Amino acid sequence: QVQLVESGGGLVQPGGSLRLSCANSGSVFRIYPMGWYRQAPGKQREWVARFNNVGNMLYTDSVRGRFTISRDNANNMIYLQMNSLKPEDTARYYCNTNPPTGTWGQGTQVTVSS
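Residues numbered from 1 in each chain as written. Predicted model: local features only at pLDDT ≥ 70, side-chain atom pairs only at ≥ 80, totals over all residues. Heavy atoms only, no water.

S.K.: Before we go on, may I ask you to explain the sheet that holds strand E9 (residues 91–97) in this structure?
M.R.: Note: strands within a sheet are paired through backbone hydrogen bonds, in either parallel or antiparallel orientation. Read from one edge of the open sheet, six strands run E2-E10-E9-E4-E5-E6, paired in mixed fashion. Two strands close off the open sheet at either side, each with one partner strand: strand E2 (10–12) and strand E6 (57–59). Geometrically, the sheet is characterised by an average inter-axis angle of 25 degrees between neighbouring strands, direction not taken into account. Where strand E4 (residues 34–39) lies against strand E5 (residues 46–51), four bridges are found, and the strand directions are antiparallel. Its bridge partner lying in E5, Arg38 is registered against Glu46. (Pairing = 2+ DSSP bridges. Helix = DSSP H or I, 4+ residues; strand = E, 2+ residues; numbered from the N terminus. Axes fitted to C-alpha atoms, helices over the stretch in contact; angles between N-to-C directions.)

So, in structure tokens, the structure goes:
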């Protein structure tokens, strides 16, 4: 069984930073590239950052230059460093493969507000 557990979210002021973590109890990290997704109220889930098959880091336009994805394959962990946070970054953040499987973790809530 694969279990994805996201953590690190919270309430921060605009311009602040957070570091999200994703722990995988299975072996999907060894097989497929991983990425981060988010879903804001009233909007569809979107991908935020991901690795491709050769380990390049890719970002959606709205976060490029502010977010950094990283990984620790030996420990089945991926991370998302989020800097210069904006209110529009407010969403619940999830990790999954690319393309995502049908199984999602609980996610971690990120709220950017003054």
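S.K.: Where do I start with the state of the cysteines in this structure?
M.R.: By definition, a disulfide links two cysteine residues through a covalent bond between their sulfur atoms. Considering all chains together, one arrives at one disulfide under this definition. Disulfide pairing is shown between Cys22 and Cys95; the S-S distance is 1.8 Å. In this structure the cystine formed by Cys22 and Cys95 twists about its S-S bond by roughly 60 degrees; its chirality is therefore right-handed. One end of the pair, Cys22, is in strand E3 (residues 18–24); the other, Cys95, is in strand E9, and 73 residues separate them in sequence. For Cys22, a relative accessible area of 0% translates into the label buried. When its relative accessible area of 0% is taken as the criterion, Cys95 is described as buried. (Disulfide = S-S within 2.5 Å. Buried < 20%, exposed > 50% of the residue type's maximum accessible area, 1.4 Å probe, protein only.)

S.K.: Would you mind showing me how to read the nonpolar core here?
M.R.: One recurring pattern in soluble globular proteins is that nonpolar side chains are buried together. By size, the foremost hydrophobic cluster in this structure holds 23 residues, and its most contacted members are Trp36, Phe67, Leu80, Met82 and Tyr93. When contributions to this core are tallied by element, the ones reaching two or more residues are E3, E4, E5, strand E7 (67–72), strand E8 (77–82), E9 and strand E10 (108–112). (Core = buried A, V, L, I, M, F, W, Y, C linked by side-chain atoms within 4.5 Å.)

S.K.: Would you mind showing me how to read the packing of aromatic side chains here?
M.R.: Aromatic ring pairs are defined here through the distance separating the ring centres and the angle between the ring planes. Following the criterion strictly, the structure yields two aromatic pairs and no others. Between Tyr37 and Trp104, the aromatic rings sit 5.3 Å apart at their centres with planes inclined by 85 degrees, giving edge-to-face as the arrangement. Of the two residues, Tyr37 is situated in strand E4 and Trp104 in the loop between E9 and E10; the sequence distance between them amounts to 67 residues. Judged by centre distance (5.8 Å) and plane angle (80 degrees), the rings of Tyr94 and Trp104 are edge-to-face. Here Tyr94 is found in strand E9, whereas its partner Trp104 is found in the loop between E9 and E10, with ten residues between them in sequence. With a relative accessible area of 10%, Tyr94 lands in the buried category. (Phe/Tyr/Trp six-rings, centres within 6.5 Å; stacked < 30°, edge-to-face > 60°.)

S.K.: Whenever I open this one, the pattern of salt bridges confuses me. Can you help?
M.R.: A side chain of one charge can pair with a side chain of the opposite charge if their charged atoms are brought near each other. Applying the stated criterion across every chain yields a total of four salt bridges. Note that Glu46 and Arg38 form a salt bridge whose closest N and O atoms lie 2.8 Å from each other. Each of the salt bridges in this network shares a partner with another, and the network as a whole consists of Arg38, Glu46, Arg66 and Asp89. (Salt bridge = Lys/Arg side-chain N within 4 Å of Asp/Glu carboxyl O.)

Remember, this is a structural readout, not a statement about activity or role.
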